[in-house]
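Chain by chain, the residues:
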Amino acid sequence: MALNLKGIISPYNALKQAGRKPHTVQYPYKKKEAADRYRGFHFNDIQECIGCGTCSTICQNHAIDMIEIEGLEVGPGDSGLRPRVDNGRCCWCALCVDSCPTGSLSLTKDYLYVSEDPNSFLLIPGIDNPDGQNRKSWISNGNSLLDYKRIPMRELEGQERVKSFAEVVLGYNEEEARTEAARCLGCGICTENCPVHMHIPEYINAIARGDDKMAVKIIYDNNPLGETCGKVCTRRCEEICAFTKRGEPIAIRWLKRYATETVENEKMIEEIVNPTILPPNGHSVAIIGAGPGGLTAAYYLAMRGFNVMVYEAKEHAGGMIMYGIPKYRLPLDSLDKQIEYLQSIGVEIKFNTKVGKDISFDEIRQHHEAVYIGIGFEVPYKLGITGEDASGSIQAINFLREINREKHIEIGDKVVVIGGGNVAIDAARVSRRLGAEVTILYRRRVEDMPADWEEIEGAEDEGVIIHPQAIPLEIITDENNKVKAIKYANAEMIPDPKGGRPRPKIIEGDEHILEVTTVIGAIGQEADYSFLPDDIKEKLEINRGRIVVNEDRQTSIPWLFAGGDIANRRADAIGAIADGFNAVKGIEKFILKEDK
Amino acid sequence: MREKETTLYLGPQHPGVTGNMMVKLKVAGDTVVKAETHVGYLHRAFEKLMEQRTWMQSFPIVCRICVPEPDPNEENLARAIEEIEGREVPERAKYIRVMILELSRLAAYMLWMGGQAGTAGLYTVPQWSVGDRDYIIDLFEELTGGRIYHMYIWAGGVRRDLPEGFADKVLRTMDYLESRLPEYDKLFFENAIFQKRAKGVGIIDKDKALEWGVVGPPLRGCGIKHDVRIDEPYEVYDKLDFVVPTHEGGDVWSRAMVRRQEMEQSISIIRQVIDKMPAGEYYNKVPNPLNWYVPEGDAYVKTESARGEFGYYAVSDGGLKPRRVHVRGPAYVHGVSLLEKILVGANISDVAFIMNSLGVCPPEIER
């Protein structure tokens, strides 16, 4: 073999390197600064974090657990838990960061930690390393794995809507519902704000995986009027959805609507829910008022074997959801389907039976061991201005009831609605459908209106004019005592020195007159307790028009329970449903304890 | 007189490979009579773990299947999911992926060069090549946030766009590495010691190579032109201009020559990619990773890794998690069956040397 001279000499070329500067080791020693995107130890912005636990769920190494932090101020929509990272398990893949809905979690440039104590590898980001704030490197801004935009809901066009009472919201189709449901992280933060704590993540998950029937079954766990809530719920759950910090909340209400709407009739509901109805236990409960609260209490009591009788003054069940909510929001056939299902499993309703008139309260008391009152607020507040008794001056609550009964009411072509709640908006939108031009006068600013913002937007789309900071002064009538115009004054907002919401104050001299044919008052309602016997009224604790109840919805009279508007300030369907649901536990406790 | 046979246990502590495996050798004198590979020191059940993770949660797992070269794993899983689901990948992401894959090939070859030289006793080479590899690792750190495990390629594209000025940095690094190649030639490839050790050692029979399932540089080192990038181009390889070097001989030397020439090709590919990379999206967002139902179906995808054709078979039953992900890597063929065959007759001191030339990656054998 020939001598490979080149192969022996050429490696010596490497000697040239001896004089060169070393390229990886630096003298004097300098700690390497990590790259701008480096995935080092975690940092958590404790104030931004809501403790939803998505980081813990997504972590494929089970390196994150959620722990309680002492001294942490916990607001609404915050579980009070914060992530703790086991740096012995973490692989710094940053899936947790890229799926953090609030964006509070990030990784930092810190990568060096030496300790002999393995327990010290547990890091509570943001609390153990507050200075990490300045060393944040891997953040999810703009690169999140999550979808912050909800699937928009299809609706009738504003011009199309005012032509009829057809339902405005068209509902999700299957694909839209699956896509929207798939956005949900299942963290369950929302359930805290739901008065009845519906199993929201569970039914949304069922929709996401294509099991609509399971979703319906889960909804009926604690809400027998799921379809109603799917259409008209005030959805406080969505306010605290984990997505709200950076984007649009999951459309929880529309998903509930989608699931319940897949069920066509009451028979199908029964097949799907397949409720376990206990054999009769020989106890009897009376429910006064077939509103959402009364119906809920009746349904769950009937399932537990109680004999339940619902006394309803009107010809149809549903209370305010039947007579107060216009049909373009909640169609009659949808409500009928839900009520027929309740009746089919044993809820008995006596219609046209007004307690105090058709039957006395004492008689009810004699026949039943416990009574639940859910009569709602039916008596409207008066505006308290001159001309209120004129013909053409009506109350929204009466107006809506008669329209829902398909009665004709003459309102003319120029309507003014006074008030800023959902009832006011409903009255305004109904008036638009009857062909009138509508103006809403409201004392405060638009952002102060208690009505749902979607309702406000809907009204504006339909051509309702909203005139905020306007205080009615007088209804001007003609010689026949018929409404001719309304006089109002503009108001300015005066900040409350105590820090409350600003108050409107009339600007002197800034008065105007608006010619109208009808004035609709919608500034609130109260209850009518006249049916209660005097001895009951004496014993019953009532505070500012509302009956005082404990958490079992039990009043100061042990056998008497109450719920809905007359007992809680929420004044919405889901609040009443929660009262009915919780009263069931109270009634059961009360009656069955007596048994022992 | 026939020499007495002795049993020699080589490993499991890194006998010329990155990862733990053991070769039980029957030797007569210093000649291997029989080689038996023993694996099982590194089994982490990656395939099984994935069956209990959602699709996106599987990405931080697959990169661990090969430490020196994690990216083909991410690429394969991403492409398998995309094929099952029919998900489009933005053009820019495809270019970025090719850049990553070629950078990863260069890094893997740098590490191989160090190992190959180290097992031959030439210890200056690993000092250099590991140092130069660090420049590529620095690029990875800047781009992906991780030096070794990148978790960067995933279903729908890549995780982040290129940082500002990154392309220039890549080009500068390529210029530097290219300038280093002649120096490596002088130090290593032309080195008489290496040539003497490598030529005629660890020969793979060209007629048997295909039958045995040999792939990658060992196969091309037998003079057989086989490269997934050319045979079944994926991402944007069909839009790039490059050649697949082959070398006759089937020995350690041929495999080294193939890799040496491929380094030049990779540098050229990276330059082309940077040149042609379009602007636009880099990620076609997948649904919420916790609620992502990948439609029912299966896909077999393959990538040309630094060790050869690297395949993933993924099956979805329409659920949140993979029903099955099977990893078909070159390391099993090269590190178990092929190694046992070609070690027979080798010198003991060449065992680690031959192992290294095959590009064996034990964690990938065990998955």
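Residues numbered from 1 in each chain as written. Chains lettered and ligands numbered in written order. Predicted model: local features only at pLDDT ≥ 70, side-chain atom pairs only at ≥ 80, totals over all residues.

Trainee: In this structure, what is going on with the overall build of chain B? I would like to understand it.
Mentor: Broken down by element type, chain B carries 14 helices and 8 strands. Relative to its length of 367 residues, chain B is compact, with a C-alpha radius of gyration of 20 Å against a globular reference of 21 Å. In terms of principal-axis extent, the alpha carbons of chain B reach across some 70 × 45 × 35 Å. Counting every position in chain B, which comprises 367 residues, the buried fraction comes to 54%. (Helix = DSSP H or I, 4+ residues; strand = E, 2+ residues; numbered from the N terminus. Rg over C-alpha atoms; globule rule 2.2 N^0.38 Å. Buried ≥ 20, exposed ≤ 12 C-beta atoms within 10 Å, placed from the backbone.)

Trainee: I tried to follow the nonpolar core on my own but got confused; where do I start?
Mentor: Generally speaking, nonpolar side chains in soluble globular proteins are found buried as a group. Counting residues in hydrophobic clusters, the biggest one holds 275 residues, and the most contacted among them are Ile207, Ala298, Tyr372, Val417 and Ala427 of chain A together with Val351 of chain B. Aside from chain neighbours lying at most four places away, what touches Ala427 of chain A is Ala396, Phe399, Leu400, Val417, Ile520 and Ala522 of chain A. (Core = buried A, V, L, I, M, F, W, Y, C linked by C-beta atoms within 7 Å. Contact = placed C-beta atoms within 7 Å.)

Trainee: Teacher, can you tell me more about the sheet that holds strand 1 (residues 42-44) of chain A here?
Mentor: Consider a sheet: its strands pair through backbone hydrogen bonds, and that pairing is either parallel or antiparallel. Residue and element names in this part refer to chain A. As summarised here, the arrangement of the 3 strands in space is 1-4-6, forming an open sheet in which the pairing is antiparallel. Every other strand in the sheet has two partners, leaving strand 1 and strand 6 (136-138) as the edge strands with one partner each. Between one strand axis and the next, the sheet turns through 60 degrees on average, direction left out of account. Summarising the sheet, strand 4 (residues 105-108) and strand 6 pair through 2 bridges and their orientation is antiparallel. Residue Leu107 lies in a different strand from strand 6, and its bridge partner there is Trp138. (Pairing = 2+ DSSP bridges. Axes fitted to C-alpha atoms, helices over the stretch in contact; angles between N-to-C directions.)

Trainee: Quick question: what am I supposed to make of the interface of chain A and chain B here?
Mentor: By a frequent convention, interface size equals the accessible area lost on bringing the separate parts together. Every contact between the two is made by 36 residues of chain A and, on the other side, 30 residues of chain B. The set of elements that each furnish at least two residues to the side of chain A that touches chain B consists of helix 1 (5-9) and helix 2 (54-58) of chain A. Ranked by residue count, the leading element in the side of chain A that touches chain B is helix 1 of chain A, at 3 residues. Taken together, the residues of the side of chain A that touches chain B break down into 18 nonpolar, 11 polar and 7 charged. (Nonpolar A, V, L, I, M, F, W, Y, C, P; charged D, E, K, R; others polar.)

Trainee: What is the right way to read the sheet that holds strand 7 (residues 308-316) of chain B from this model?
Mentor: Residue and element names in this part refer to chain B. Within the open sheet, the 3 strands sit side by side as 6-7-8. Their pairing is antiparallel. In this open sheet, the two edge strands, each paired with only one partner strand, are strand 6 (297-305) and strand 8 (324-328). Adjacent strand axes in the sheet meet at a mean angle of 15 degrees when their direction is disregarded. Note that strand 7 and strand 8 share 5 bridges and pair antiparallel. Residue pairing across strands places Tyr313 opposite His326, the latter belonging to strand 8. With respect to the sheet, helix 3 (residues 71-85) is in contact with strand 6 and strand 7, its orientation differing from that of strand 6 by roughly 150 degrees.

Trainee: Would you mind going over unusual backbone geometry with me for this structure?
Mentor: Leaving glycine aside, a negative phi is the common case for residues, and trans is the common case for peptide bonds. Residue and element names in this part refer to chain A. Even without glycine at this site, Asn352 takes up a positive phi of about 50 degrees. Backbone geometry at Arg544 places phi at a positive 45 degrees, although glycine is not the residue there. Within the element layout of this structure, Arg544 appears in the loop between strand 21 (542-543) and strand 22 (546-547).

Trainee: What exactly am I supposed to notice about helix 10 (residues 252-261) of chain A here?
Mentor: Since there are 3.6 residues in each turn of an α-helix, residues three or four apart along the chain are aligned in direction. Counting buried residues in helix 10 of chain A gives 9 out of 10 residues, a clear majority hidden from the surface. All buried positions along helix 10 of chain A are accounted for by Ile252, Arg253, Trp254, Leu255, Lys256, Arg257, Tyr258, Ala259 and Thr260 of chain A.

Trainee: Got a minute to help me understand the environment of Arg87 of chain B in this structure?
Mentor: Residue and element names in this part refer to chain B. Counting through the fold element by element, Arg87 comes out in the loop between helix 3 and helix 4 (91-119). You can call Arg87 partly exposed: it has 17 C-beta atoms within 10 Å. Between the C-alpha atom of Arg87 and that of Met151, which follows or precedes it by 64 residues, the distance is 19 Å. Residues within four places of Arg87 in sequence aside, it is in contact with Glu82, Ala155, Gly156 and Asn284.

Trainee: How should the pairing of strand 4 of chain A be read in this particular structure?
Mentor: If a strand is regular, its side chains alternate between the two faces of the sheet. All names here are of chain A. Here strand 4 shows a buried face lined by Leu105 and Leu107 and a second buried face lined by Ser106 and Thr108. Pairing between strand 1 and strand 4: 3 bridges, direction antiparallel. Paired with His42 across the two strands is Leu107, which belongs to strand 4.

Trainee: Quick question: what am I supposed to make of the packing of helix 17 (residues 422-433) of chain A against helix 18 (residues 453-461) of chain A here?
Mentor: Geometry of a packed helix pair, given as the angle between the helix axes and the separation of the axes. Residue and element names in this part refer to chain A. Look at helix 17 against helix 18: their axes get within 10 Å of each other, and the N-to-C directions meet at 20 degrees. Our classification of the angle between helix 17 and helix 18 gives roughly parallel. For the pair helix 17 and helix 18, the sense of crossing is left-handed. Every residue of helix 18 that contacts helix 17 at Asn422, Ile425, Ala428 and Arg429 is listed here: Glu455, Ile456, Gly458 and Ala459. Each residue belonging to the contact of helix 17 with helix 18 can be placed in one class, and the counts come to 4 nonpolar, 2 polar and 2 charged. (Parallel < 35°, antiparallel > 145°, perpendicular 65-115°, else oblique. Left-handed = near helix turned anticlockwise from the far one by under 90°.)

Trainee: It is not clear to me how the environment of Arg367 of chain B should be interpreted in this structure. Could you clarify?
Mentor: Residues and elements named next belong to chain B. The topology assignment puts Arg367 in the segment after helix 14 (362-366). Once the C-alpha coordinates of Arg367 and Ile267 are considered, the two residues, 100 residues apart in sequence, prove to be 30 Å apart. In contact with Arg367, other than residues within four places in its own chain, are Phe46, Glu47, Ile65 and Val327.

Trainee: Just to check I follow, could you spell out the environment of Ile507 of chain A for this structure?
Mentor: All names here are of chain A. Position of Ile507 among the secondary structure elements: in strand 18 (residues 503-515). Residue classification places Ile507 among the partly exposed positions, given that 13 C-beta atoms sit within 10 Å. The sequence separation of Ile507 and Ala491 amounts to 16 residues, and the corresponding C-alpha distance is 5.2 Å.

Trainee: Explain the confidence of the model for chain B here, please?
Mentor: Note that predicted coordinates carrying low pLDDT should not be read in detail. With 99% of its residues at a pLDDT of 70 or more, chain B has an overall mean of 92. Prediction confidence for the complex, expressed as pTM and ipTM, is 0.88 and 0.89 respectively. (pLDDT = per-residue confidence, 0-100.)

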